[in-house]
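# Coordinate analysis (summary)
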Amino acid sequence: SDLTGAAIFQCDIGSRDDRAALLAFTRQTFGRLDLLVNNAGIAQRERNDILAASEDSFDELINTNLKGPHFLTQAAANWMVEQGSGRIAFVTSISSYTASVNRAEYCISKAGLSMSVALFAARLARSNVQVFEIRPGIIRTDMIAVVESVYEERIANGLLPQPRMGESADVAKAVRAIADGLLDYSTGQVINVDGGFHLRTL
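Described below are features of the structure shown in this document. The model shown is predicted, which means the values in this text are computed figures rather than measured ones. Per chain, the residues get numbers from 1 upward, laid out in the order the sequence is written. Confidence filtering applies because this is a predicted model: local features only for residues at pLDDT of at least 70, side-chain atom pairs given and counted only at 80 or more, and all residues used for totals across whole chains, interfaces and linings. To obtain the side-chain values, all non-hydrogen atoms of the structure were included, while hydrogens and water were left out.

### Side note on a nonpolar patch on the surface
On the surface, Ile 50, Leu 51 and Val 101 cluster together into a nonpolar patch covering about 350 Å² of accessible area. Counting from the N terminus, the helices are DSSP H or I runs at least four residues long and the strands are E runs at least two residues long. Inspection of the secondary structure puts Val 101 in the loop between strand S2 (86-91) and helix H3 (104-124). Patch building starts from residues that exceed 30% relative accessible area and form no salt bridge, then joins like charges within 9 Å and nonpolar side chains (Val, Leu, Ile, Met, Phe, Trp, Tyr) within 5 Å. Per-residue and other accessible areas follow the Shrake-Rupley method at a 1.4 Å probe size, with only the shown protein chains counted as cover for residues. What makes a salt bridge here is a side-chain nitrogen of Lys or Arg within 4 Å of a carboxyl oxygen of Asp or Glu, nothing more.

See below:
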């Protein structure tokens with residue numbers, strides 16, 4: 001197979017059958033798995049106060065943002081252990097530790113994903129499989145399009161130490177560093193791609 005090429009496979013990360021089919025396709029197409037990037041994620045369909053948010057919305061976000069990546073990683077990790085090497089990156093969010101009371105299910109799904117990173121990093125370290133967490137801040141994507149102007153105003157008023165919104169390329173550079181093996185002695189590391197949002201300043 002041509003290891004320099006790209007292949008596309010549609011997958012609902014929340015579906016057990018789809019996850020299995022994705023890995024089967026990868027094995028058939030490339031024969032090995034060197035890097036898994038868990039970047040699939042959704043926002044809730046409607047922002048609702050935590051006192052009114054629905055159980056259906058909670059289930060949808062937990063299934064897609066947490067359960068899906070967790071079990072895809074489990075399957076991929078078994079393959080990587082068998083190979084004797086691999087790298088795994090989880091794209092979480094500042095929402096894993098930042099409470100937004102109108103996005104509770106999103107925050108909870110990302111907080112759970114942060115623990116999944118720690119668990120897999122600890123379990124896989126001796127098997128030469130490194131696991132990382134990339135924690136983006138406010139990144140210009142379709143997910144924030146409806147509130148982008150609000151974020152821009154808050155950033156202009158000092159929300160972030162680095163006074164600009166993040167771009168997809170900022171996250172991609174962190175993924176690239178992991179893929180290139182530049183952080184191979186830093187398993188379990190959290191990489192904050194957030195313009196300094198995580199800094200507590202007084």
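Picking up where we left off.
### Describing the packing of helix H2 (residues 55-83) against H3
The axes are straight lines fitted to the C-alpha atoms, using for helices just the contacting stretch, and the angles between their N-to-C directions are given from 0 to 180°. H3 packs onto H2 with a crossing angle of 15° between their chain directions and a minimal axis gap of 9 Å. Accordingly, the angle class assigned to the pair H2 and H3 is roughly parallel. Like other packed secondary-structure pairs, H2 and H3 cross with a definite hand, here right-handed. Touching Ser 57, Phe 58, Leu 61, Ile 62, Asn 65, Leu 66, Pro 69, His 70, Thr 73, Gln 74, Ala 77 and Val 81 of H2 are Glu 105, Tyr 106, Ile 108, Ser 109, Lys 110, Gly 112, Leu 113, Ser 116, Phe 120 and Leu 124, all from H3. Residues of the contact of H2 with H3, tallied by class, amount to 12 nonpolar, eight polar and two charged. Geometric relationships in this document are graded by angle, where less than 35 degrees denotes roughly parallel, more than 145 denotes roughly antiparallel, 65 to 115 denotes roughly perpendicular, and other angles denote oblique. Put simply, a crossing is left-handed when the front helix is turned counterclockwise from the back one by less than a right angle, and right-handed when it is turned clockwise. Here a residue-residue contact requires only that any non-hydrogen atoms of the pair lie within 4.5 Å. Classes in brief: Ala, Val, Leu, Ile, Met, Phe, Trp, Tyr, Cys and Pro nonpolar; Asp, Glu, Lys and Arg charged; the others, Gly included, polar.

### Focus: the sheet that holds strand S3 (residues 129-136)
Read across the open sheet, the four strands follow the order S1-S2-S3-S4; overall the sheet is parallel. Looking at which strands have only one partner, the edges of the open sheet turn out to be strand S1 (35-38) and strand S4 (190-193). Taking the axes of each pair of neighbouring strands and ignoring which way they run, one obtains an average angle of 20° across the sheet. By the bridge criterion, four bridges tie S3 to S4 in an arrangement that is parallel. Looking across to S4, one finds that Pro 136 is bridged to Val 193. Two strands make a pair as long as DSSP finds a minimum of two bridges between them.

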